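Residue-level structure breakdown
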Amino acid sequence: MFCPICKGEFREGFTECTGCQVNLVANLDNITEKIKGEFLLCHGCEREFHDIELDHCPGCGLKLVRAVLHDDTYVFLEEPVMEFAPEEPEGACDHFDYFVDIDDADAVVVLESEDLALLTRIQEILNEAKISFCFKPAEDTPSTSLGSIFGVGSPLARSFPRVVVQRANEAAALNIIANHPELDLFGVPEELLEGEDDESEEGYEED
Ligand SMILES: [Zn+2]
Ligand SMILES: [Zn+2]
């Protein structure tokens, strides 16, 4: 048994580290036991959250880490990670002028990804290009044919959040994204980039 604070090893039969006054754990690399005095800590802004169930810091969005305070020093009970809460889909609309509600029937997916930072960047680019778009959150219960092939509940059947545009703007949107200097593309297939015509270009201007 080990002390989660001083990491000291104890013989069988001990349940507490008398020096640190906490209960011992079986495995320091994976502390499953509830440690006396533990709380959730944001290791970004050093805010403590006691007796509350939270995954991410409400202030900065960073994933919280289990910790205890010992001699005015935080001791982590698990590896802190630089992982942020996904952005609220509603929140994303606020600062975009070209965020519109697009009906599913008229929606064409520009990008579907787990990478929310990338999705946000795509929205910024479309917004700058004055192309109307919409953000669709992931669906837990997909209605697509994938569901029937792989069966309900399969991880493959789960959709990712995505950015969509109106069908009329599809070619323009894909062109802008594919040619954007900042994004070294995630392989938009050639055939998608061949617009039916070239008049889609008049819808936007670089400035
Ligand atoms: Zn100890
Ligand atoms: Zn924080």
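Details of the structure are given in the entry above.
Attention in this report is confined to the structure presented alongside it. (Residues numbered from 1 in each chain as written. Chains lettered and ligands numbered in written order. Predicted model: local features only at pLDDT ≥ 70, side-chain atom pairs only at ≥ 80, totals over all residues.)

**Quick look at the environment of proline 86**
Inclusion rule: Numbering goes from the N terminus for both helices and strands, where a helix is a DSSP run of H or I of at least four residues and a strand is a run of E of at least two.
Topologically, proline 86 is positioned in the loop between β6 (73-76) and α1 (89-94). Through-space distance from the C-alpha of proline 86 to that of aspartate 115 is 9.2 Å; in sequence the pair is 29 residues apart.

**Things to note about the nonpolar core**
What counts, and what does not: In plain words, the nonpolar core is the set of buried Ala, Val, Leu, Ile, Met, Phe, Trp, Tyr and Cys residues that C-beta atoms within 7 Å link up. Neighbour counting defines burial: a residue surrounded by 20 or more other C-beta atoms within 10 Å of its own C-beta is buried, one with 12 or fewer is exposed, and intermediate counts give partly exposed, using backbone-placed C-beta atoms. A residue pair is marked as a contact if its C-beta atoms, positioned from the backbone, fall within 7 Å.
Counting residues in hydrophobic clusters, the biggest one holds 19 residues, and the most contacted among them are Val110, Val163 and Ala173. Every element with two or more residues in this core is listed here: β7 (107-112), α2 (116-128), β8 (133-136), β9 (162-166) and α4 (170-178). At six residues, α4 tops the list of elements feeding residues into this core. Residue contacts for valine 163: discarding those within four places in its chain leaves Val110, Leu111, Leu119, Ile122, Gln123, Phe133 and Phe135.

**Focus on the sheet that holds strand β3 (residues 39-41)**
Cut-off, in case you're wondering: Any two strands are treated as partners once DSSP identifies two or more bridges connecting them.
Spatially, the four strands line up as an open sheet ordered β4-β3-β5-β6, and their pairing is antiparallel. Bordering the open sheet on either side are β4 (48-49) and β6, each of which pairs with just one other strand. Pairing of β3 with strand β5 (residues 65-70) involves three bridges; the strand directions are antiparallel. Looking at the pairing, leucine 41 lines up with valine 65 of β5.

**Quick word on unusual backbone geometry**
Even without being glycine, lysine 7 reaches a positive phi, approximately 65 degrees. Inspection of the secondary structure puts lysine 7 in the segment before β1 (16-17). Located in the positive-phi region is glutamate 46, a residue other than glycine, with phi close to 55 degrees. Considering the arrangement of structural elements, one finds glutamate 46 in the loop between β3 and β4. Owing to 9 C-beta atoms within 10 Å, glutamate 46 belongs among the exposed residues under this scheme.

**Notes on the sheet that holds β8**
Put simply, the rule reads: Structural elements are reduced to axes, namely lines fitted to C-alpha atoms, with helices fitted over the stretch in contact, and the angle between N-to-C directions of any two is expressed from 0 to 180 degrees.
Reading across from one edge, β7-β9-β8 is the order of the three strands in this open sheet, with antiparallel pairing throughout. Of all strands in the sheet, those bounded by a partner on one side alone are β7 and β8. Neighbour to neighbour, the strand axes of the sheet diverge by 35 degrees on average, direction disregarded. Both β8 and β9 contribute to a ladder of four bridges, which runs antiparallel. Bridge pairing links cysteine 134 to valine 164 in β9. Lying on the sheet, α2 is in contact with β7, β8 and β9; it crosses β9 at an angle near 25 degrees. Packed onto the sheet, α4 meets β7 and β9 and runs at close to 15 degrees relative to β7.

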